[in-house]
Amino acid sequence: MISSFKKINKLQFVRIFYWLFLTYMVAAFLWWYVALVKQNDQIANVQYGSFQTNDPALTQKVHAIQDYQQRKNKQYIGEGLTILFLFLLGAIYVYRSLIKQIRYSNQQQNFMMAVTHELKTPIAITQLNIETLLKRKLDAEQQKKMLTASLSETQRLDNLCNNILLASQLDMGAYQANAQEVSLSLIVENTATIFKNRFLERNFVTTVQENIYIKGESVLLQLLLNNLIDNAIKYSNAKDPIAIKLLENNGLVELSVADLGVGVPASDKEKIFEKFYRVGAEYTRSTKGTGLGLYLCKRIAVFHKAKLEVVANTPTGSIFTFTYLLN
Ligand code: ADP
């Protein structure tokens, strides 16, 4: 919490410092312009002073100096405005890059903290369960409960590792694509069954049309679905149902995961697909997560030349839809 405040202060400090610095630079620039114009006037006055009043060419000479002065002033204004424009353009570019960089590094730090936490929790729970099973004589029902909980934790760990691995492979351009004709119906059915067994207390409502085949990678599609269902579980109440639907209509395949949870604020509908982005301030957020899931989902959708969008559900919650056009 304290470190989040520090990060915010750092961002605010950079903002304030940068705008003060920019204001100073622009003020100094204007000051130099005024000084140049004044100097120009002074030179003209010195020249006027050297003229003889009875000089027959006096008017001509005065006009020549005035013309020269006007030309110089126009030159200062023209060149000054161009330099100011280029300077402001550069300053805005640097400012935006700087803020983006600070935000990104903050998000990366949050990600590292979240990952450490997300890795340690399932390991600790599984370890504790195994120790209890070894030390104590439990009845079959209790043993099953502990083993199911441990299995669920290892699956969570597996999903997290897959996410991190895929993200780094994609970032390094090292991911080996291997698209084939796959049964999306089977992937959805199998994944839904795994979640139903893992989260016995949750109500999953599945509508899966049979024999829908698409050209894709089953590992990636599974990861996409895992992340969407994981989020639906995380961001909704335990009593609320989660609807998983796969339908095909006129060559348009729609895979959706809908929940009745907190929903995504309109202003964050695009941002949630960015790497490490999580809704809300870090110190007010209570759910666990890394901000990697939806970023990968989006990339998986792009890989399949599909679309991934989120809309608000009624009365609350959100619907994430993966839309794929069959050839
Ligand atoms: P995280 O690990 O934080 O869940 P994601 O990339 O999966 O990372 O999601 C990014 C953010 O999008 C989340 O932090 C959450 O704020 C928001 N989000 C994702 N799915 C949902 C959902 N089903 N309902 C509400 N908010 C969601």
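Here is what the cut-offs are and how they apply
- Residues numbered from 1 in each chain as written.
- Predicted model: local features only at pLDDT ≥ 70, side-chain atom pairs only at ≥ 80, totals over all residues.
- Heavy atoms only, no water.
- Near = heavy atom within 4 Å.
- Polar contact = N/O pair within 3.5 Å; in protein donor to acceptor, adjacent residues only side chain to side chain.
- Areas by Shrake-Rupley, 256 points an atom, 1.4 Å probe, with all protein chains shown as cover.
- Helix = DSSP H or I, 4+ residues; strand = E, 2+ residues; numbered from the N terminus.
- Core = buried A, V, L, I, M, F, W, Y, C linked by side-chain atoms within 4.5 Å.
- Buried < 20%, exposed > 50% of the residue type's maximum accessible area, 1.4 Å probe, protein only.
- Pairing = 2+ DSSP bridges.
- Axes fitted to C-alpha atoms, helices over the stretch in contact; angles between N-to-C directions.
- Contact = heavy atoms within 4.5 Å.
- Salt bridge = Lys/Arg side-chain N within 4 Å of Asp/Glu carboxyl O.

So, the site of the ligand
Now for step 1: Of all residues adjacent to the ligand, which total 19 residues, the nearest are N231, Y235, R278, T290 and L294.
Now for step 2: One nitrogen or oxygen atom from the main chain of G291 is found 3.1 Å from an oxygen atom belonging to the ligand.
Now for step 3: Within the backbone of L294, an N or O atom sits 2.8 Å from an oxygen atom of the ligand.
Now for step 4: Considered on its own, the ligand offers 530 Å² of accessible surface; in the complex 96% of this is hidden by protein.
Now for step 5: For the shell around the ligand, the elements supplying multiple residues, two or more each, are helix 5 (218–234), helix 6 (293–303) and strand 7 (318–325).

Focus on the nonpolar core
Burial of nonpolar side chains together is a common tendency in soluble globular proteins.
Now for step 1: By size, the foremost hydrophobic cluster in this structure holds 47 residues, and its most contacted members are L184, F204, L228, I229, I272, F320 and F322.
Now for step 2: Residue contributions to this core peak at nine residues, all from helix 5.

Concerning the sheet that holds strand 4 (residues 242–249)
Now for step 1: Taken together, five strands build an open sheet; the order of strands is 2-4-5-7-6 and the sheet is mixed. Sheet topology places strand 2 (204–208) and strand 6 (307–312) at the edges, where each strand pairs with a single neighbour. Averaged over neighbouring strand pairs, the angle between their axes works out to 15 degrees when direction is ignored.
Now for step 2: Summarising the sheet, strand 4 and strand 5 (residues 252–258) pair through seven bridges and their orientation is antiparallel. Each bridged residue has a counterpart across the sheet, and for L246 the counterpart in strand 5 is L255.
Now for step 3: On the sheet, helix 4 (residues 184–198) packs against strand 2, strand 4 and strand 5 and is oriented at approximately 165 degrees with respect to strand 2.
Now for step 4: Docked against the sheet, helix 5 engages strand 2, strand 4, strand 5, strand 6 and strand 7, running at close to 35 degrees with respect to strand 5.

Some remarks on the pattern of salt bridges
Now for step 1: Following the criterion strictly, the structure yields seven salt bridges and no others.
Now for step 2: E118 is the salt-bridge partner of R156, the closest N and O atoms lying 4.0 Å from each other. With R156 in helix 3 (residues 140–172) and E118 in helix 2 (residues 58–135), this residue pair connects regions lying 38 residues apart in the sequence. Of the two residues examined, R156 and E118, each falls in the buried class.
Now for step 3: One network of salt bridges, in which partners are shared, links E118, E153 and R156.

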